[in-house]
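So the chains spell out like this:
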Amino acid sequence: AQSVAQPEDQVNVAEGNPLTVKCTYSVSGNPYLFWYVQYPNRGLQFLLKYITGDNLVKGSYGFEAEFNKSQTSFHLKKPSALVSDSALYFCAVRRLMNYGGSQGNLIFGKGTKLSVKP
Amino acid sequence: DAGVTQSPTHLIKTRGQQVTLRCSPKSGHDTVSWYQQALGQGPQFIFQYYEEEERQRGNFPDRFSGHQFPNYSSELNVNALLLGDSALYLCASSAMGTGERNTQYFGPGTRLTVL
């Protein structure tokens, strides 16, 4: 069965410090991995994805994520946090599939609340 | 370029009623997926539509049904509403036949409250 784990309910960081939001996954076959961000009372905004290739993926707003196949992890990182980065972050995995006209669905973690203090 | 749009923004219903939520995909997208996000949880997949057919379904009862129109827009219908159906309903669109097909873009959601 496919699953995503975000082990931290909340991450607290001081503005200007580096941040890491952790994600581990379980999926058979090659994974497609995604990070989304959700601001209060809003939908999910796409940040970045890993499909294949370079293990370090760069995305929107200065975020990046590192794919580690041996540890089945896909941690989100940013070198210098901003107060405006405070939001709910979701990691998601999708199994590579394309049959019957289906892309396959996203499986999300429970989310990690990031709080950046001035 | 308009992103994914959903209507209405908020909705209040009572138990036993029926509701219809609407979604217009991002320009150039032909696939629509629906997710339910309960308070404090990650989104849960309901179903996916492509070429006006339901292609994949998550673990949701038959009370949840959908439709996709020729212009790729989609509706989510929920019958016999239960209190537990209260949630944020998210629509996501993607493109099946292009390199962008791996990325689902989400709308702002419809907040459904069942009393």
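Considering the overall build of chain A
If you tally the helices and strands in chain A, you get zero helices and twelve strands. Secondary structure elements of chain A occur, N-terminal to C-terminal, as β-β-β-β-β-β-β-β-β-β-β-β. A compact globule built from 118 residues would reach a C-alpha radius of gyration of about 13 Å, and chain A, at 14 Å, matches this within 12%. Its C-alpha atoms give chain A principal-axis dimensions of about 50 × 30 × 25 Å. Looking at chain A residue by residue over its 118 residues, the buried ones come to 47%.

Considering the pairing of strand E9 (residues 87–94) of chain B
All names here are of chain B. With eight of its eight residues buried, E9 lies for the most part within the structure. The two faces of E9 match: Ala87, Tyr89, Cys91 and Ser93 on one face and Leu88, Leu90, Ala92 and Ser94 on the other face are all buried. In this sheet, E9 lies alongside strand E4 (residues 31–37) in antiparallel orientation, the contact comprising seven bridges. Each bridged residue has a counterpart across the sheet, and for Trp34 the counterpart in E9 is Cys91. Where E9 lies against strand E10 (residues 105–106), two bridges are found, and the strand directions are antiparallel. Following the sheet pairing, Ala92 is matched in E10 by Phe106.

Quick look at the pattern of salt bridges
Residues and elements named next belong to chain B. Under the criterion given, the structure shown has seven salt bridges over all chains. Residue Arg57 pairs with Glu54 through a salt bridge whose shortest N-O separation is 3.1 Å. We classify Glu54 as partly exposed; its relative accessible area is 35%.

Digging into the sheet that holds strand E1 (residues 5–7) of chain B
All names here are of chain B. The strand order E1-E3-E8-E7 describes an open sheet built from four strands, whose pairing is antiparallel. Of all strands in the sheet, those bounded by a partner on one side alone are E1 and strand E7 (64–68). Each neighbouring strand pair of the sheet contributes to a mean axis angle of 20°, computed without reference to strand direction. Bridge analysis of strand E3 (residues 19–24) against strand E8 (residues 74–78) gives five bridges, and the strand direction is antiparallel. Bridged to Val19 within E8 is Val78.

Looking at the packing of aromatic side chains
Scanning the entire structure with this criterion turns up 16 aromatic pairs over all chains. Measuring from centroid to centroid gives 5.6 Å for A:Phe63 and A:Tyr89, while their planes differ by 45°, and the two rings are tilted. Pair noted here: A:Phe63 is in the loop between strand E7 (56–58) and strand E8 (64–68) and A:Tyr89 is in strand E10 (residues 87–95), with a separation of 26 residues, a long-range link. For A:Phe63, a relative accessible area of 3% gives the class buried. A network of ring pairs unites the aromatic residues A:Phe34, A:Tyr36, A:Phe46, A:Phe90, A:Phe108, B:Tyr35, B:Phe45, B:Tyr105 and B:Phe106 as a single cluster.

With respect to the environment of B:Lys13
Residues and elements named next belong to chain B. Considering the arrangement of structural elements, one finds Lys13 in strand E2 (residues 10–13). Once the C-alpha coordinates of Lys13 and Thr113 are considered, the two residues, 100 residues apart in sequence, prove to be 6.2 Å apart. Other than its neighbours up to four places away in sequence, Lys13 contacts Gln18, Val19, Leu81, Leu112, Thr113, Val114 and Leu115.

Focus: the state of the cysteines
What we call a disulfide is simply a covalent bond connecting the sulfur atoms of a pair of cysteines. Residue and element names in this part refer to chain B. For the structure shown, the criterion picks out two disulfides over all chains. Linked covalently through their sulfurs, Cys23 and Cys91 form a disulfide whose S-S length is 1.8 Å. On the S-S bond that ties Cys23 to Cys91, the torsion sits near -55°, and the link is left-handed. One end of the pair, Cys23, is in strand E3; the other, Cys91, is in strand E9, with 68 residues separating them in the sequence. The exposure class assigned to Cys23 is buried, which follows from its relative accessible area of 2%.

Conventions and cut-offs
- Residues numbered from 1 in each chain as written.
- Chains lettered and ligands numbered in written order.
- Predicted model: local features only at pLDDT ≥ 70, side-chain atom pairs only at ≥ 80, totals over all residues.
- Heavy atoms only, no water.
- Helix = DSSP H or I, 4+ residues; strand = E, 2+ residues; numbered from the N terminus.
- Rg over C-alpha atoms; globule rule 2.2 N^0.38 Å.
- Buried < 20%, exposed > 50% of the residue type's maximum accessible area, 1.4 Å probe, protein only.
- Pairing = 2+ DSSP bridges.
- Salt bridge = Lys/Arg side-chain N within 4 Å of Asp/Glu carboxyl O.
- Axes fitted to C-alpha atoms, helices over the stretch in contact; angles between N-to-C directions.
- Phe/Tyr/Trp six-rings, centres within 6.5 Å; stacked < 30°, edge-to-face > 60°.
- Contact = heavy atoms within 4.5 Å.
- Disulfide = S-S within 2.5 Å.

In short, shape yes, function no, at least from these values alone.
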